[in-house]
Amino acid sequence: MTRLRVGLGCAIALLLGVATASAQGTVKIGLINVLSGQFADAGIQLDNGVKTYMKQHGDTVAGKKIEIIRRDVGGPAPDVAKRFAQELVVRDGVDILAGFLLTPNALAAADVSAQAKKFMVVMNAATSVIITKSPYMIRTSVTLPQVMETFGTWAAKTGLKKCYTMVTDYGPGHDSEAAFQRAFKEAGGEIVGSVRFPVANPDFSAFVQRAKDMNPECIYIFIPGGAQPAALGKAFAERGIDFSKTKVLGSGETTAEQALKKTGGNTDGDALIAAAKGLKWQSPRGPMSIDPDTRDVVQTIYIRRVQKVGGELVNVPFDKIENVKDPTRARGG
């Protein structure tokens, strides 16, 4: 099984890096996340990243106290996310909105960011269009076209010619499907079939059987994190997919393992977004930066495969593509 993994990265380092001074004694960050429901595992990972950074570096920066105000939307719930964003800005007086595991929640909160002129950091949601919805927004995670076009080209160039695609039927799934298929075909590959399944789908058996019947050289998958990857893996095992003949390609969820100094103390949205453009930092994923033109992330894309090491299945990096931008934005999308 071959797959590509993109983690949450070191978003909190950027967040606190640009929020190091305030006219007040405290910088308030409203963290809108998913800490319950089927996507809780991924949300907890995001929250643990915040906690780890603050444990390592403390909860004060340049003499200013960092206060995290957490809100749990419980899943894809745009109405709840927008209400939380409004409450955090109006009632709690946050300086920054952050978090946003899922695309629908990020899109809903973008309206609040734009209207209130509040700096907003998208730490995970990966649908390309999100970042266009507020001029005060940056993304520190990844965009799906950025990864999946790169991945589709790589897959075809490694010799795979016939591929079947399976994605979740919502914005990120559509983005990833279109990007992978386009790049795979442009590099000489053929898409022999495709299917989309519901966001909360509990059983993948029929979908996997449909893919198996097409006898492709590879199956490309995109599903959100949480409970579904295990259910999909079970379906592959039950339907007898031979991984020596059919490679399974997908993002990390498929096989998941279980700078305000520049603003001179000004925390308004215009000052923060100006400071964030062009920022560069080192993360667990290597060098990352914010494209000053698109306000989206630029990073290295790593290709990894699952193989046995010491008797256990682990994810092993074996290829990479550096300085990758979102190709959708580059085309004017």
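Check the entry above for the structure.
Quick caveat: nothing in here was measured; it's all calculated off a predicted structure.

Draft legend 1. Quick look at the pairing of strand E5 (residues 96-99). Going residue by residue along E5, you find Ile 96 and Ala 98 tucked away on one face and Leu 97 and Gly 99 tucked away on the opposite face as well. Where strand E2 (residues 26-33) lies against E5, four bridges are found, and the strand directions are parallel. In the sheet register, Gly 30 faces E5, and the bridge partner there is Leu 97. Direction of pairing for E5 relative to strand E6 (residues 119-122): parallel, over a ladder of four bridges. When the bridges of E6 are listed, Ile 96 appears paired with Phe 119. For the crossover from E5 across helix H4 (residues 103-116) to E6, the handedness is right-handed.

Draft legend 2. Highlighting the sheet that holds strand E8 (residues 162-168). Read across the open sheet, the four strands follow the order E9-E8-E10-E11; overall the sheet is parallel. Each end of this open sheet is capped by a strand with a single partner; those strands are strand E9 (190-197) and strand E11 (247-250). Across this sheet, the average inter-strand angle for adjacent strands is 20°, counted without regard to direction. By the bridge criterion, four bridges tie strand E10 (residues 218-222) to E11 in an arrangement that is parallel. Within the sheet, the bridge partner assigned to Ile 219 lies in E11 and is Val 248. In the packing of helix H7 (residues 205-213) onto the sheet, contacts are made with E8, E9 and E10, and the angle to E8 comes to roughly 165°.

Draft legend 3. Quick look at helix H3 (residues 78-90). Between its first and last C-alpha atoms H3 spans 18 Å; for 13 residues at 1.5 Å apiece the expected length is 18 Å, and the two agree. Taken together, the buried positions of H3 are Ala 81, Phe 84, Ala 85, Leu 88 and Val 89. Each buried residue of H3 sits inside an arc of 130° when the element is viewed along its axis, so together they form one side. Exposed and facing more than 90 degrees away from the buried side of H3 are Asp 79 and Val 90.

Rules behind the numbers
- Residues numbered from 1 in each chain as written.
- Predicted model: local features only at pLDDT ≥ 70, side-chain atom pairs only at ≥ 80, totals over all residues.
- Heavy atoms only, no water.
- Buried < 20%, exposed > 50% of the residue type's maximum accessible area, 1.4 Å probe, protein only.
- Helix = DSSP H or I, 4+ residues; strand = E, 2+ residues; numbered from the N terminus.
- Pairing = 2+ DSSP bridges.
- Right-handed = clockwise from strand over helix to strand, strands pointing away.
- Axes fitted to C-alpha atoms, helices over the stretch in contact; angles between N-to-C directions.
- Contact = heavy atoms within 4.5 Å.
- Expected span 1.5 Å × (residues − 1).
- Arc of directions from axis to C-beta.

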